[in-house]
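A structural walkthrough
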Amino acid sequence: MHPAVSRAARALLGALLFVAPTDAVAQDAQRVFIVVADSVPMSVPAAATALAGALTRQGWTVLTNHAVGTDAARCAFGAHVIVAQQPARVAALLANGAQAAFAVPVRLGIFEDERGVQVSLVNPLSVERTIVAESGLETSGRSLVEEVTGVAVAATRGRRANRPFGESRTRGLIGKTMGVMAGGAFTRQVETITT
């Protein structure tokens, strides 16, 4: 092997070894929420109305759309919740078993803080890895995030964002949650009462 090629090959291999663990960690760790649009130039109620209307026009079913109560004396910021489902996605998720129904709703939050009005969603990759399967749904989850981002940005005239926040999850198992859920696989936490 030519010495120059050998040095180049070693440098490339070293770079890949240096980068690969970082990429793997980034793919493995998923935060629970993602801000998909920020710098929204409208109020929280106006942004929520615009987003719910846009989702409906795109063929989504809006399951709930309501303001979140706040103590106005202690907090001047508002918030709104929209829960919607995409009919085309329902059948694909339910093919993974009845427990996958918990992953069907897409939960969106329109909120205001010191940065202004923003749109976020509960990360479908985190939800799906906890409820449906540890792996195998990443492509559809990322596609869903991209679709919701596009709808949110167009409807609210906000700036496209991809800012994960909240707890960082490196696996789908549920940890102890103050005694409410004992931890472990989600499917072992659901009890069938009747069929």
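In case you missed it, the structure is sitting above this.
About the thresholds
Residues numbered from 1 in each chain as written. Predicted model: local features only at pLDDT ≥ 70, side-chain atom pairs only at ≥ 80, totals over all residues. Heavy atoms only, no water. Helix = DSSP H or I, 4+ residues; strand = E, 2+ residues; numbered from the N terminus. Buried < 20%, exposed > 50% of the residue type's maximum accessible area, 1.4 Å probe, protein only. Contact = heavy atoms within 4.5 Å. Areas by Shrake-Rupley, 256 points an atom, 1.4 Å probe, with all protein chains shown as cover. Salt bridge = Lys/Arg side-chain N within 4 Å of Asp/Glu carboxyl O. Core = buried A, V, L, I, M, F, W, Y, C linked by side-chain atoms within 4.5 Å. Axes fitted to C-alpha atoms, helices over the stretch in contact; angles between N-to-C directions. Parallel < 35°, antiparallel > 145°, perpendicular 65-115°, else oblique. Left-handed = near helix turned anticlockwise from the far one by under 90°. Nonpolar A, V, L, I, M, F, W, Y, C, P; charged D, E, K, R; others polar.

Quick word on the overall build of the protein chain
What the protein chain contains, in helices and strands, is five helices and six strands. In sequence order, the protein chain lays out its α and β elements as α-β-α-β-β-α-β-β-α-α-β. The buried share of the protein chain, taken over its 195 residues, is 36%. Counting contacts in the protein chain only where the partners sit at least 6 residues apart, residues at least 24 apart contribute 69% of the total. As displayed, the protein chain offers around 11400 Å² of accessible surface, 60% of which is attributable to carbon and sulfur atoms.

Considering the pattern of salt bridges
The full count for this structure, using the stated rule, is four salt bridges. A salt bridge links D38 to R159, with the shortest nitrogen-to-oxygen separation between them at 2.9 Å. With a gap of 121 residues between them, D38 in strand β1 (residues 30-40) and R159 in strand β6 (residues 159-169) connect regions that are remote in the sequence. D38 serves as the salt-bridge partner of R163, at 3.0 Å between the closest nitrogen and oxygen. With R163 in strand β6 and D38 in strand β1, this residue pair connects regions lying 125 residues apart in the sequence. Residues joined by salt bridges that share partners form a network here, namely D38, R159 and R163.

Considering the side chain of N123
You can see N123 is positioned in the loop between β5 (116-122) and α4 (124-131). Discounting residues that sit within four places of it in the chain, N123 has contacts with Q30, R31, V32, F33 and I34.

Structural notes on the nonpolar core
Ranked by internal contacts, the top residues of the largest apolar core, which has 29 residues, are L51, L55, I82, L108, I110 and V119. Where this core is concerned, the elements lending two or more residues are β1, α2 (44-57), β3 (79-85), β4 (106-113), β5 and α5 (138-156). Excluding anything up to four places from it in sequence, I82 contacts A48, L51, A52, L55, V62, T64, N65, V106, R107, L108 and I110. Core analysis: the second largest hydrophobic core is formed by nine residues, A103, V104, I131 and V132 among them.

Considerations on the environment of T56
Within the secondary structure, T56 sits in helix α2. Taking C-alpha positions, T56 is 9.9 Å from Q85, a pair spaced 29 residues apart along the chain.

Side note on unusual backbone geometry
In this structure, S39 is a non-glycine residue whose phi angle is positive, near 55°. Along the chain, S39 falls in strand β1. Of the residues examined, S39 reaches a relative accessible area of 41% and is grouped as partly exposed. The phi angle at R157 is positive, at roughly 60°, despite the residue not being glycine. Relative to the helices and strands, R157 resides in the loop between α5 and β6.

Structural notes on the packing of α2 against α5
One way to put it is that α2 packs onto α5 with a least axis distance of 9 Å and a crossing angle of 130°. Our classification of the angle between α2 and α5 gives oblique. Relative to α5, the crossing made by α2 is right-handed. Counted together, A47, A50, L51, A54 and L55 of α2 and V151, A152, A155 and T156 of α5 form the full contact between these two elements. For the contact of α2 with α5, the per-class residue count stands at eight nonpolar, one polar and no charged.

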